[in-house]
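# Architecture and fold: a report
Residue-level listing of the chains:
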Amino acid sequence: MTGARPEDLAARFAGRLHAGRPLWPLTWLRVGGPAELLFIPSDAADLAAFMAELSPEAPVTIIGVGSNLIVRDGGVPGLVIRIAGRGFGAVEQLPGARIRAGAGALDSRVAEAAADAGIGGLEFLRTIPGSIGGAAAMNAGCYGAYMADVFESAEAVTRAGETITLGPEDMNFAYRSSNLPEGAILTSVTLCGSPDEPEAIRARMAAALAKRAETQPVKDRTAGSTFRNPAGFSSTGRGDHGQELMAWKLIDEAGCRGLRLGGAVMNEMHPNFLTNAGGASAADLENLGELVRKRVLNSSGIKLEWEIRRIGVLPEAGETGESPAKTGE
C-alpha cells in the first residue's frame, strides 16, 4: 500500500485540512509564511487513523502551540500537523501523585492542575511557555528542574499510524533534547510528582513567577531562550553555579545586548531572548540570531546552538529545513 495524499484524506477524517494556511498567527513570534497544507486532527484517534493512510512519501512537519518556533518567510512545504486545542488539551489526575496531560495542554495549565490536586514537583512548568508535548520532546526545564525528573511515560502515534507507549529509556533525555523515535508524534504525557499541600505548591509557583518577571522579558514577543547554554544546564536560579558558559553572558560579552536587525532585537533585559520588537520578519529574527552566533564565536571561541526551532523555506535562497540564514556579514 502506497498510501494516500493528504488532500484525498481530508473528507474522511474529523480533523480539518487547510491549504495555504498562514502559520504566523499560530506562533508566539508572529512571523512566517503559510503551510502548503495544515492538518489539525480532532484527537489522538483521528491522528492515528490519518497517519495510517497517509503516503509514507508525504513530507510531514509537526508543530504545537508555536512558543519555541520560527516559521521562515517562505512557508513550509508539504504537510504540517498541529497538535493543540481541545483534542489534545485534557489534563487528568491519576492515582499516586500523577498527572496525565494531552500533548497540547499548556505547561502552565498542567502546573496549576497539579497544584489543585496537591501534586508537588511540577511547579517549574508554571514558568515555561508552550505545551507539554514540546516540553517533553525538548526536556524543558528551569531553576534546576527538568521534564526528565518527572516524566513517567508518553503516548505517541508513529508515522505508520500505530499508537505506542514510551518510557524514560525510550526518550533518552539530555539537556534540551530527547530521542523520540523518528516520525513519532506525542499525543499525551504522564508525569509523576509527590504529595504536597496545595498552598505550599502555589507559594513556590508564585515565587518562581516573580523571579522570572524580574529577570526575563515576560511581556515582550519572544520565543523563550534563543540559544542553549554551553554549560549544558539551565539556570538554577542560584548564584553558585557560575555564569561563564551561560548563553546570556556570552552574548552580553560579545556586545550583542540590544543588537537590532530590522524589527528584531536581542532583548535589553535578557540578551538571550530574541524579540520581535515590532514588524520583524522571520528573516530578521533568524539573521540576527546568526549574527549573534558569529560575534559570540569571534569573541569567545564558543559556537552557540539554537534552542528555538526553525522550519520552512528561506525564500531568497530556496532552502528548506534547518539551514541557517545569511548573517549579512
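In this report, the structure presented in the accompanying data block is examined.

### Examining the packing of aromatic side chains
Throughout the structure, instances matching the rule amount to four aromatic pairs. Following the ring pairs from residue to residue traces out a cluster consisting of Phe 13, Phe 39 and Phe 50.

### Regarding the pairing of strand β7 (residues 98–102)
As paired strands, strand β6 (residues 91–94) and β7 are joined by four bridges and run antiparallel to one another. Within β7, the position partnered with Leu 94 by the bridge is Arg 98. Where β6 folds back on β7, the antiparallel hairpin that results is connected by three residues, among which Gly 96 adopts a positive phi of roughly 80°. As judged from the five bridges shared by β7 and strand β13 (residues 185–192), these two strands associate in the antiparallel manner. Across the sheet, Arg 98 pairs through a bridge with Cys 192, a residue of β13.

### Points about the pattern of salt bridges
In total, this model carries 14 salt bridges according to the counting rule given. With a closest N to O distance of 3.0 Å, Arg 98 and Glu 152 form a salt bridge. One end of the pair, Arg 98, is in strand β7; the other, Glu 152, is in strand β11 (residues 151–157), and 54 residues separate them in sequence. On the accessibility criterion, Glu 152 (29% relative accessible area) is partly exposed.

### Quick look at helix α7 (residues 198–215)
If you check α7, its first and last C-alpha atoms are 26 Å apart, about what 18 residues at 1.5 Å a residue would give, namely 26 Å. Those residues of α7 that fall on the buried side of the exposure criterion are Ile 201, Met 205, Ala 208 and Arg 212. Across the axial projection of α7, the buried residues extend over an arc of 65°, all falling on one side. Exposed residues lying more than 90 degrees from the buried face of α7 are Glu 199 and Glu 214. Contacts made by the buried residues of α7 are with α3 (107–116) and β8 (119–120).

### Some words on unusual backbone geometry
Phi is positive for Arg 30, close to 60°, though the residue is something other than glycine. Summarising the element assignment, Arg 30 is placed in the loop between β1 (16–22) and β2 (34–40).

### Overview of the nonpolar core
Across soluble globular proteins, you tend to see nonpolar side chains buried next to one another. Residues Leu 125 and Leu 191 are the most contacted members of the largest nonpolar core, which totals 52 residues. Discounting chain neighbours no more than four positions away, the residues touching Leu 125 are Asp 107, Ser 108, Val 110, Ala 111, Ile 132, Met 147 and Leu 191. With 24 residues, the next largest nonpolar core counts Val 31, Leu 259, Ala 282 and Leu 291 among its residues.

### What about the sheet that holds strand β17 (residues 274–276)?
As summarised here, the arrangement of the three strands in space is β15-β16-β17, forming an open sheet in which the pairing is antiparallel. Of all strands in the sheet, those bounded by a partner on one side alone are β15 (260–261) and β17. Direction of pairing for strand β16 (residues 264–266) relative to β17: antiparallel, over a ladder of three bridges. The partner of Val 265 across the bridge, within β17, is Thr 275. Along the sheet face, helix α9 (residues 282–300) touches β15, β16 and β17 and points at about 35° away from the line of β16.

Cut-offs applied
Residues numbered from 1 in each chain as written. Predicted model: local features only at pLDDT ≥ 70, side-chain atom pairs only at ≥ 80, totals over all residues. Heavy atoms only, no water. Phe/Tyr/Trp six-rings, centres within 6.5 Å; stacked < 30°, edge-to-face > 60°. Pairing = 2+ DSSP bridges. Helix = DSSP H or I, 4+ residues; strand = E, 2+ residues; numbered from the N terminus. Salt bridge = Lys/Arg side-chain N within 4 Å of Asp/Glu carboxyl O. Buried < 20%, exposed > 50% of the residue type's maximum accessible area, 1.4 Å probe, protein only. Expected span 1.5 Å × (residues − 1). Arc of directions from axis to C-beta. Contact = heavy atoms within 4.5 Å. Core = buried A, V, L, I, M, F, W, Y, C linked by side-chain atoms within 4.5 Å. Axes fitted to C-alpha atoms, helices over the stretch in contact; angles between N-to-C directions.

Structural measurements only, silent on function.
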